[in-house]
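Structural features, examined
Spelled out, the chains give:
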Amino acid sequence: MKFQTQRPQTWQVCLACGREMTELDPHPRCSACGGLLELRHRPPELSAAQLIERFTDRRGRRPDTGTSGVWRFREVVLPSAEEVISHPEGNTPLLHRPALDRWTGVDHLLLKHEGHNPTGSFKDRGMTVGVTQARRIGATAVACASTGNTSASLAAYAAQAGIPALVLVPADQVALGKLAQTLAYGARTLLVRGDFDACLKLVEEASSRLGVYLLNSINPFRIEGQKTIVLELLQQLGWEPPDWIVLPAGNLGNTAAFGKALVEAHRWGLIPRIPRLAAVQAAGAAPFARSFAEDFENRYAVRAETVATAIRIGDPASFERAVSAIRETDGVVLAVTDDEILEAKAAVDGCGIGCEPASAAAVAGARDLVRRGLMAPEQHAVAVLTGHVLKDPGILLTYHRDMSPPPPGANRPIEIDASLAELERILATS
Ligand code: F0G
């Protein structure tokens, strides 16, 4: 067939025999000769100049650091920075999936997916500012302790800046994707026989002794960058604040950053009221939730254990800053179990979004808030997914392939011979 009269906007053509098909023809190859297909478009009705104008508008006017979702907010991040080390980062999506509304009981839950950052976690927002600052002060080397994401991000930004990076991570407790990234980006990587808390103590001692610039989230420049998660989501909502922002909490840098961003945004008239923060810890690593339950009268350090290795932290460094953040936002601190985290993760993964285990704690936390009557279903809530699904492939294979008995959401892969008969047999039985 050939389209005789006015061509449609888009159609398919077989590269082998020239046969033309509609855009909606479902065949993967030409149904006449089996050749490969190609899409063709009618020439656009706009002139080239008009098209360029339109593409430019959609992308944002300034093709400089304005395209970074951190430096776009530079007036409230680090106004004096001139030469910035930017990937660029940020510009992460706000997502909605009805399946997660049903799972959490929230009428309209939005997900701010920070896994869409260049190294796959929110850490890039702090690191672009931290490494920019390292360059400004002439640091000769940078360092951090990490459960994996900070190290991957530091390694990438230090490589971009041409500054050597030293990374301390707990041996055997870092998710595979994060360790692989850290090595790939070239950081000097030490696997410490100890937990994250031991790594942090050691790197603090070492950095002052060795004159290395420390880029953990105790570094205030990191916090300034991480504020932009909140600023960007407020901008995406037209500066109409949600009722709740729910986030996972480990070392508490992000909780501190969110509180600071909200208080400043309110003080400077960007938003009319302050949303409530809900910081969610893993039950096996919940010293902050325990303090919250006692109105922050005591500070605790625990021996941390959780499947969410990113937040396997027993003695959070930004404790005081995070207490202020919770107080100033009328916030709450929760703890969710590993089973709840894995169930939430299966729900997030299963609707095609995907996140790492620590991120799923935020979604489990949203469900918990509704169940406990703290959040009304019709309230507006944003849960922050802090890291990408591929950060922790190990937990995915354990959950879907290896666990016995298989958990409810397990999607077992099946190995088969390359025969149609066997494929049909398998599909008939499952
Ligand atoms: N989610 C993810 C994916 C994380 O990697 C972290 C922290 C958090 C949540 C908690 O943020 O520490 O500011 O309360 N990861 C750090 C790291 C500790 O080394 O990558 P926090």
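Refer to the structure printed above.
Residues numbered from 1 in each chain as written. Predicted model: local features only at pLDDT ≥ 70, side-chain atom pairs only at ≥ 80, totals over all residues. Heavy atoms only, no water.

With respect to the overall build of the protein
- Along the backbone of the protein there are 14 helices and 13 strands.
- Projected onto its principal axes, the C-alpha coordinates of the protein cover approximately 75 × 60 × 45 Å.
- Counting every position in the protein, which comprises 430 residues, the buried fraction comes to 52%.
- Contacts in the protein between residues far apart in sequence, at least 24 positions, make up 66% of those at least 6 positions apart.
- Accessible area for the protein stands at about 20100 Å²; split by element, carbon and sulfur atoms hold 54% of it.
- Of the side-chain charges in the protein, 45 are positive and 48 negative, and the distance between the mean point of each set is 4 Å. (Helix = DSSP H or I, 4+ residues; strand = E, 2+ residues; numbered from the N terminus. Buried < 20%, exposed > 50% of the residue type's maximum accessible area, 1.4 Å probe, protein only. Contact = heavy atoms within 4.5 Å. Areas by Shrake-Rupley, 256 points an atom, 1.4 Å probe, with all protein chains shown as cover. Lys, Arg positive; Asp, Glu negative; His and termini not counted. Charge placed at Lys NZ, Arg CZ, Asp CG, Glu CD.)

Things to note about the pattern of salt bridges
- Tallied over the full model, the rule gives 24 salt bridges.
- Of the charged contacts in the structure, one is a salt bridge between lysine 227 and glutamate 264, with a shortest N-O distance of 2.7 Å. Linking lysine 227 in helix 7 (residues 220-236) with glutamate 264 in helix 8 (residues 253-267), this pair joins segments that are 37 residues apart in sequence.
- Where salt bridges share partners, they join Arg72, Lys112, Glu114, Arg125 and Glu232 into one cluster. (Salt bridge = Lys/Arg side-chain N within 4 Å of Asp/Glu carboxyl O.)

As for empty space enclosed by the protein
- This structure, assessed with the given rule, holds 2 cavities of 30 Å³ or more.
- The calculated volume of the largest cavity comes to roughly 300 Å³.
- Along the walls of the largest cavity sit 25 residues, with Phe122, Lys123, Asn251, Ala310 and Ile311 positioned nearest its centre.
- When contributions to the lining of the largest cavity are tallied by element, the ones reaching two or more residues are helix 4 (149-161), helix 7 and helix 8.
- If you tally residues by element for the lining of the largest cavity, the top one is helix 8, at 3 residues.
- Space inside the second largest cavity adds up to approximately 50 Å³.
- Breaking the lining of the second largest cavity down by element, the ones donating at least two residues are helix 11 (338-350) and helix 13 (393-402).
- Split by residue class, the lining of the second largest cavity holds 5 nonpolar, 1 polar and 2 charged. (1 Å grid on protein atoms, 1.4 Å probe; cavity = no way out; pocket = protein on both sides within 12 Å on 5 of 7 lines; lining within 4 Å. Points joined across faces, edges and corners; volume = space filled by probe spheres on them. Nonpolar A, V, L, I, M, F, W, Y, C, P; charged D, E, K, R; others polar.)

Focus on the side chain of aspartate 101
- With respect to the secondary-structure elements, aspartate 101 resides in helix 2 (residues 98-104).
- This buried residue, aspartate 101, is left without a salt bridge; arginine 102 holds the nearest opposite charge, at 7.2 Å.
- For aspartate 101, the residues in contact, after removing those within four places along its chain, are His96, Val106, Asp107, His108 and Leu109.

Digging into the pairing of strand 13 (residues 381-385)
- Among the 5 residues in strand 13, 5 count as buried, and that is most of the element.
- The alternating pattern of strand 13 places Ala381, Ala383 and Leu385 and Val382 and Val384 on opposite faces, both of which are buried.
- Pairing analysis gives 5 bridges linking strand 5 (residues 109-113) to strand 13, with the strands arranged parallel. Paired with leucine 110 across the two strands is valine 382, which belongs to strand 13.
- Here 3 bridges tie strand 10 (residues 244-248) to strand 13, and the two strands are oriented parallel to one another. When the bridges of strand 13 are listed, tryptophan 244 appears paired with alanine 381. (Pairing = 2+ DSSP bridges.)

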